[in-house]
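An overview of the molecular structure
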Amino acid sequence: TGHCYAVGAEATDRQDNIYLGNTENIAATDFPDIFSYVALGHIHRPQMVGQLNHVRYSGSLIPLSFSETKDDKGVYQLTYTGAHLEDVTFRPLPVFRRLKTIEASPDDAEEKLRRFAARREPGLTPWVEILVEAESVPPQFDMTLRELGAELGVEVLRVRLLRRRAGVLEASLDQELEELDVREVFRERCAAFETDEAMLAELEQSFIELQEWRESDPQP
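Residues numbered from 1 in each chain as written. Predicted model: local features only at pLDDT ≥ 70, side-chain atom pairs only at ≥ 80, totals over all residues. Heavy atoms only, no water.

**What about the overall build of the protein?**
Here is the rule we go by: In DSSP terms, a helix is any run of H or I states spanning at least four residues, a strand is any run of E spanning at least two, and both are numbered starting from the N terminus. Only protein chains enter the accessibility calculation, which uses a 1.4 Å probe; a residue whose area is less than 20% of its type maximum is buried, one above 50% is exposed, and one in between is partly exposed. Two residues form a contact once any of their heavy atoms are found within 4.5 Å.
Across its full length, the protein carries four helices and 10 strands. Counting over 220 residues, the protein shows a buried share of 29%. Restricting to contacts in the protein with at least 6 residues of sequence separation, those with at least 24 account for 52%.

Structure (structure tokens):
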């Protein structure tokens, strides 16, 4: 078994906990022939690596984020004759809790949430994220959607506002802390105060020095 990022592995779109720069650190052919089967962890999507049948990512047993809702979750069943691997078969796992991403505008978000709830299948309470493309939303907009979801029997875990700037969609509103990089948060805060580039570079350097000092001397 190994927990690493192998060359050629395909991570889910928003699985951003790979390695710095998404740098692959091992190839499937690097594993010696003494291993009849190599079960890898870290990548959430089950898959074969390097077109080698005996080198695979097992994948996560359940979706760990909304970006993984379209991935097949399951386990690999290995068939051996003595010490020889005869076959690898993927066995899908049942889905007990539906994860759903709803893309909407401020005007139709409630209606789309109602339509999804009306199609609810048996199982645990569905978890929903709502992506709203707009420059702004009414006050308490996210709370309104959460309360509506509770009435409809679904749980709205987060509402994200997507702003289109210079042709690029930027997400804000209720972003998960674990998705954020400390320095990126600092840059975003500086940008909110319209800090010019020269000043931003100086402030960021000072911030990095303070961060490194704090990490090297954690005592209060």
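Having seen it, we continue.
**Details of the packing of helix α1 (residues 109-118) against helix α2 (residues 141-152)**
Stated precisely, the cut-off is as follows: Only the stretch in contact is used when fitting a helix axis, every axis being a line fitted to C-alpha atoms; angles between N-to-C directions are given from 0 to 180 degrees. Reported orientations rely on four angle classes, namely roughly parallel under 35 degrees, roughly antiparallel over 145, roughly perpendicular from 65 to 115, and oblique for the rest. Working rule for handedness: look at the near helix, and if it is turned counterclockwise from the far one by less than a right angle, call the crossing left-handed; if clockwise, right-handed. For this classification, Asp, Glu, Lys and Arg are treated as charged, while Ala, Val, Leu, Ile, Met, Phe, Trp, Tyr, Cys and Pro are nonpolar and the rest, including Gly, are polar.
Running from N to C, α1 and α2 cross one another at 20°; their axes reach a closest spacing of 10 Å. Between α1 and α2, the angle falls in the class roughly parallel. When you trace α1 past α2, the crossing you get is right-handed. Residues Ala109, Glu110, Leu113, Arg114 and Ala117 of α1 touch α2, and the partners they reach there are Phe141, Thr144, Leu145, Leu148, Gly149 and Leu152. Among the residues making up the contact of α1 with α2, the classes are represented as seven nonpolar, two polar and two charged.

**Quick word on a nonpolar patch on the surface**
Going by this rule: For patches, a residue must show more than 30% relative accessible area and have no salt bridge; joins then use 9 Å for like charges and 5 Å for nonpolar side chains, namely Val, Leu, Ile, Met, Phe, Trp and Tyr. Per-residue accessibility takes into account occlusion by the displayed protein chains alone, with areas from the Shrake-Rupley method and a 1.4 Å probe. Think of a salt bridge as a Lys or Arg side-chain nitrogen and an Asp or Glu carboxyl oxygen that are within 4 Å of each other.
Together, Leu61, Ile62, Leu64, Val75 and Leu93 line one region of the surface with nonpolar side chains, adding up to about 440 Å² of accessible area. Relative to the helices and strands, leucine 61 resides in the loop between β4 (52-57) and β5 (74-81).

**Digging into the pairing of β4**
To keep it simple, the criterion reads: Note on pairing: two strands pair once DSSP finds at least 2 bridges between them.
Sheet topology places strand β2 (residues 38-41) next to β4; three bridges connect them, and they run parallel. Among the inter-strand pairings, valine 38 is bridged to a residue of β4, identified as valine 55. Both strand β3 (residues 47-49) and β4 contribute to a ladder of three bridges, which runs antiparallel. By the bridge assignment for β4, methionine 48 is matched with arginine 56. Connecting β3 to the next strand, β4, in antiparallel fashion are two residues, including glycine 50 with a positive phi near 60°.

**Notes on the nonpolar core**
To keep it simple, the criterion reads: Here, the term nonpolar core denotes a set of buried Ala, Val, Leu, Ile, Met, Phe, Trp, Tyr and Cys residues that are joined through side-chain atoms within 4.5 Å.
Ile102, Leu113, Val128, Ile130 and Val132 are the most contacted members of the largest nonpolar core, which has 17 residues in total. When residues of this core are assigned to their parent elements, the largest contribution, four residues, is made by α1. What valine 128 contacts, discounting residues up to four positions off in sequence, is Phe66, Lys100, Ile102, Leu113, Phe116, Val154, Glu155, Val156, Leu157 and Arg158. Phe31, Val38, Leu40 and Tyr57 belong to the second largest nonpolar core, which has 12 residues in total.

Honestly, it's all geometry; don't read function into it.
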